[in-house]
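These are the residues of each chain, in order.
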Amino acid sequence: KYYTKIIFHLIDLSIANGWLLYRRHCSQLNTQKRDTMSLLSFRISVAEAMLKSAPPTPSTKRGRPSLDSTLNENNQTTTSRAVPNSIPPPSV
């Protein structure tokens, strides 16, 4: 249970360090104070970038299948069943 707290703390710490580096970079470029992002807006932009980098999850149908999908499956060609193995002789 405590592993997730540690992981989230490390993510939070790395975002705060990234924001401090961003502020240092802005001060080196002589950017005005009002043009730099606040910590909250920096966090939001990092979160949006992480969400955009993830591939979209495929939408899977959940629940009971509809009547249309069962009719489509029945119209498909049926596969032949495997032949059962021979039965051993009764003397064994």
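As annotated in an unreviewed UniProt entry, the chain carries the name PiggyBac transposable element-derived protein domain-containing protein and comes from Rotaria magnacalcarata.

J.: It is not clear to me how helix α1 (residues 2-28) should be interpreted in this structure. Could you clarify?
T.: A turn of α-helix holds 3.6 residues, and therefore any two residues three or four places apart point the same way. Spanning 27 residues, α1 covers 39 Å between terminal C-alpha atoms, matching the ideal 39 Å at 1.5 Å per step. Looking only at α1, the buried set comprises Ile-15, Trp-19 and Cys-26. Buried positions along α1 lie against α2 (39-53).

J.: Honestly, the pattern of salt bridges in this entry has me stumped. Any pointers?
T.: Note that side chains of opposite charge can pair when their charged atoms are close. Applying the stated criterion across every chain yields a total of two salt bridges. With its nearest N and O atoms 2.4 Å apart, the salt bridge here joins Arg-43 to Asp-12. Here Asp-12 lies in helix α1 and Arg-43 lies in helix α2, a separation of 31 residues in the sequence. Among the residues examined, Arg-43 registers a relative accessible area of 28% and is labelled partly exposed.

J.: Hey, could you run me through the confidence of the model for the chain in this one?
T.: In the predicted model, the chain carries a mean pLDDT of 82, and the fraction of residues at 70 or more is 85%. Mean pLDDT across the elements of the chain bottoms out in helix α3 (residues 67-75) (62) and peaks in α1 (93).

J.: Is there a simple way to explain unusual backbone geometry in this structure?
T.: Among all residues except glycine, the phi angle is most often negative; among peptide bonds, the trans geometry is most common. Of note in the backbone geometry, Asn-30 takes a positive phi value of approximately 55° without being a glycine. Taking the relative accessible area as the measure of exposure, Asn-30 reaches 67% and is therefore exposed.

J.: Which parts of the structure should I look at to understand the environment of Lys-33?
T.: Residue placement: Lys-33 occurs in the loop between α1 and α2. Judged by its relative accessible area of 72%, Lys-33 is exposed. As a C-alpha pair, Lys-33 and Arg-23 span ten residues in sequence and 9.2 Å in three-dimensional space.

J.: What is the right way to look at a nonpolar patch on the surface in this model?
T.: A cluster of nonpolar side chains, Tyr-2, Tyr-3, Ile-6, Ile-7, Phe-8, Leu-10, Ile-11 and Leu-13, forms an exposed patch at the surface whose accessible area comes to about 860 Å². Relative to the assigned elements, Ile-11 resides in helix α1.

What counts and what doesn't
Residues numbered from 1 in each chain as written. Predicted model: local features only at pLDDT ≥ 70, side-chain atom pairs only at ≥ 80, totals over all residues. Heavy atoms only, no water. Helix = DSSP H or I, 4+ residues; strand = E, 2+ residues; numbered from the N terminus. Expected span 1.5 Å × (residues − 1). Buried < 20%, exposed > 50% of the residue type's maximum accessible area, 1.4 Å probe, protein only. Contact = heavy atoms within 4.5 Å. Salt bridge = Lys/Arg side-chain N within 4 Å of Asp/Glu carboxyl O. pLDDT = per-residue confidence, 0-100. Patch = residues over 30% accessible without salt bridge, like charges linked within 9 Å, V, L, I, M, F, W, Y side chains within 5 Å. Areas by Shrake-Rupley, 256 points an atom, 1.4 Å probe, with all protein chains shown as cover.

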